[in-house]
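Residue-level listing of the chains:
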Amino acid sequence: MECTESHSKMSAFADGELDASAARQLTQHLAHCPDCAKACEQLQALRAAVSRHGVRHAAPAALQQRLRQALQEETKESKATPRRRKWAQLPWAWINLGVAGASTSAFAVTLALYLSVPSDAERLDQEIVASHFRSLIPDHLADVASSDQHTVKPWFSGKLDFSPPVVDLAQAGFPLVGGRLDYIRQRPVAALAYRRHQHVLNLYVWPDQAQRDAPPRLSVRQGYHLLRWSRSGMEYRLISDLNVPELMDFERRLAAQVDKDAVP
């Protein structure tokens, strides 16, 4: 998919109007095109802000009545004050237009203020980036340092109210480093650390309240690639300075192994 076609489908994608095939193609393009991914994210943020805060402004009935009375008074005094006569002769449609213009300006200012406030998704991304930064401080990457998934997974027992999937991807070139507890979105979550050569990958996992699968979506925050998706009742956030194709490869391998482990 080219960027031009991607832009033409973003509005339908944001409104949930694309069919599954088109949505999958666009998602794959966004995963490999940071510019389009950023444009799509901005579109969705704008759509959410307008939906939450956009209102129609109309002049109150009392204000309209006062304006009519003022015009009538101006008309009576028009002979004595020529400049006022011009004001009185203005059609009411022009007055409405002025009020509408003022209302539109007020809405634009209000919308700009709301857009300057980070959305819930942006605040969550900021938390993930901050946590990733903290993990890179020496001795902060893992509370339980082990490449054995059968050591890491039981360590979370009793520390979380859910059982996070812990997958060993060493054979695929993503060895497990360990796990730790973190605090994201005002709740404890599982943080799993992996490596790819000299790159650190932090995978955050917690229960998905919406219980709805969502395909991977890529964003860029402070120079880091951040991948987010929901699957099988869990929310995932993956962050690293690793290149996008390898990051997407990690996500695919992780999802495949989680599905495989879920089969009785």
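For the structure itself, look to the data block above.
Computed from a predicted structure; not experimentally measured. (Residues numbered from 1 in each chain as written. Predicted model: local features only at pLDDT ≥ 70, side-chain atom pairs only at ≥ 80, totals over all residues. Heavy atoms only, no water.)

## Re the overall build of the protein chain
Part 1: Per the secondary structure count, the protein chain includes nine helices and seven strands.
Part 2: Across the 264 residues that make up the protein chain, the buried fraction comes to 36%.
Part 3: Long-range contacts, defined here as pairs at least 24 residues apart, represent 58% of the contacts in the protein chain between residues at least 6 apart.
Part 4: Carbon together with sulfur atoms contributes 53% to the accessible area of the protein chain, which is approximately 15,600 Å² in total. (Helix = DSSP H or I, 4+ residues; strand = E, 2+ residues; numbered from the N terminus. Buried < 20%, exposed > 50% of the residue type's maximum accessible area, 1.4 Å probe, protein only. Contact = heavy atoms within 4.5 Å. Areas by Shrake-Rupley, 256 points an atom, 1.4 Å probe, with all protein chains shown as cover.)

## Description of the sheet that holds strand β2 (residues 176-184)
Part 1: Here we have seven strands laid out as an open sheet, ordered β1-β2-β3-β4-β7-β6-β5, and antiparallel in their pairing. Each end of this open sheet is capped by a strand with a single partner; those strands are β1 (144-145) and β5 (214-221).
Part 2: Pairing geometry for strand β6 (residues 224-231) and strand β7 (residues 234-240), over seven bridges, is antiparallel. Along β7, the bridge assignment pairs Leu-227 with Leu-238.
Part 3: Against the sheet, helix α7 (residues 120-135) engages β2, β4 (199-207), β5, β6 and β7, with an angle of about 135 degrees to β2.
Part 4: Packed onto the sheet, helix α9 (residues 244-262) meets β3 (187-196), β4, β5, β6 and β7 and runs at close to 25 degrees relative to β6. (Pairing = 2+ DSSP bridges. Axes fitted to C-alpha atoms, helices over the stretch in contact; angles between N-to-C directions.)

## A few points about the pairing of β7
Part 1: For β7, the buried fraction is high: seven of the seven residues fall into the buried class.
Part 2: Because side chains alternate across β7, one face comprises the buried residues Met-234, Tyr-236, Leu-238 and Ser-240, and the other comprises Glu-235, Arg-237 and Ile-239, equally buried.
Part 3: Of the pairings in the sheet, the one linking β4 to β7 comprises six bridges and is antiparallel in character. In the strand pairing of β7, Tyr-204 is matched with Arg-237.
Part 4: Two successive antiparallel strands, β6 and β7, enclose a turn made up of two residues, where Ser-232 displays a positive phi of approximately 50 degrees.

## Comments concerning unusual backbone geometry
Part 1: Backbone geometry at Gln-186 places phi at a positive 60 degrees, although glycine is not the residue there.
Part 2: Note that Gln-186 resides in the loop between β2 and β3.
Part 3: Given a relative accessible area of 71%, Gln-186 falls into the exposed group.
Part 4: A positive phi is found at Ser-232, a non-glycine position, where the angle reads about 50 degrees.
Part 5: Mapping Ser-232 onto the fold places it in the loop between β6 and β7.
Part 6: The class of Ser-232 is exposed, set by a relative accessible area of 55%.

## Some remarks on the side chain of Glu-246
Part 1: Within the secondary structure, Glu-246 is located in helix α9.
Part 2: Side chain to side chain, Glu-246 and Asn-243 meet in a polar contact 2.4 Å long.
Part 3: Filtering out sequence-adjacent residues up to four positions away, Glu-246 remains in contact with Phe-174 and Arg-196. (Polar contact = N/O pair within 3.5 Å; in protein donor to acceptor, adjacent residues only side chain to side chain.)

## Here's the deal with the state of the cysteines
Part 1: By the definition in use, this model includes zero disulfides.
Part 2: A disulfide-free cysteine, Cys-33 has its sulfur positioned 3.5 Å from the sulfur of Cys-36, the nearest such atom. (Disulfide = S-S within 2.5 Å.)

## Brief notes about α7
Part 1: Counted at 1.5 Å a residue, the expected span for α7 with its 16 residues is 22 Å, and the 23 Å between its end C-alpha atoms agrees.
Part 2: For α7, the complete set of buried residues consists of Leu-124, Asp-125, Ile-128, Val-129, Ser-131, His-132 and Ser-135. Buried residues in α7, looked at end-on, bunch into an arc of 160 degrees, giving them a common side. (Expected span 1.5 Å × (residues − 1). Arc of directions from axis to C-beta.)

## Some remarks on the nonpolar core
Part 1: Counting 41 residues, the largest nonpolar core has Leu-203 and Leu-254 as the members making the most contacts within it.
Part 2: Contact partners of Leu-203, with chain neighbours within four places excluded, come to Ala-190, Ala-191, Leu-192, Tyr-194, Trp-229, Tyr-236, Arg-237, Leu-238 and Leu-254. (Core = buried A, V, L, I, M, F, W, Y, C linked by side-chain atoms within 4.5 Å.)

## Looking at the packing of aromatic side chains
Part 1: Under the defined criterion, the tally for this structure stands at five aromatic pairs.
Part 2: For the ring pair Phe-133 and Tyr-224, a centre distance of 5.5 Å and an interplane angle of 80 degrees mean the geometry is edge-to-face. One end of the pair, Phe-133, is in helix α7; the other, Tyr-224, is in strand β6, and 91 residues separate them in sequence.
Part 3: By relative accessible area, Phe-133 is classed as partly exposed at 36%.
Part 4: The class of Tyr-224 is buried, set by a relative accessible area of 13%.
Part 5: Seen from their ring centres, Phe-174 and Phe-250 are 5.2 Å apart, and the 75 degrees between their planes marks the pair as edge-to-face. Here the residue Phe-174 occupies a position in the loop between α8 (149-155) and β2, and Phe-250 occupies one in helix α9, the gap between them amounting to 76 residues.
Part 6: Classification of Phe-174 as buried rests on a relative accessible area of 0%.
Part 7: For Phe-250, a relative accessible area of 0% translates into the label buried.
Part 8: Taken together through their ring pairs, the aromatic side chains of Phe-174, Tyr-194 and Phe-250 make up a single cluster.
Part 9: Taking NZ or CZ as reference, Lys-159 lies 4.5 Å from the ring centre of Trp-155, over its face. (Phe/Tyr/Trp six-rings, centres within 6.5 Å; stacked < 30°, edge-to-face > 60°. Lys NZ or Arg CZ within 6 Å of the ring centre and 35° of its normal.)

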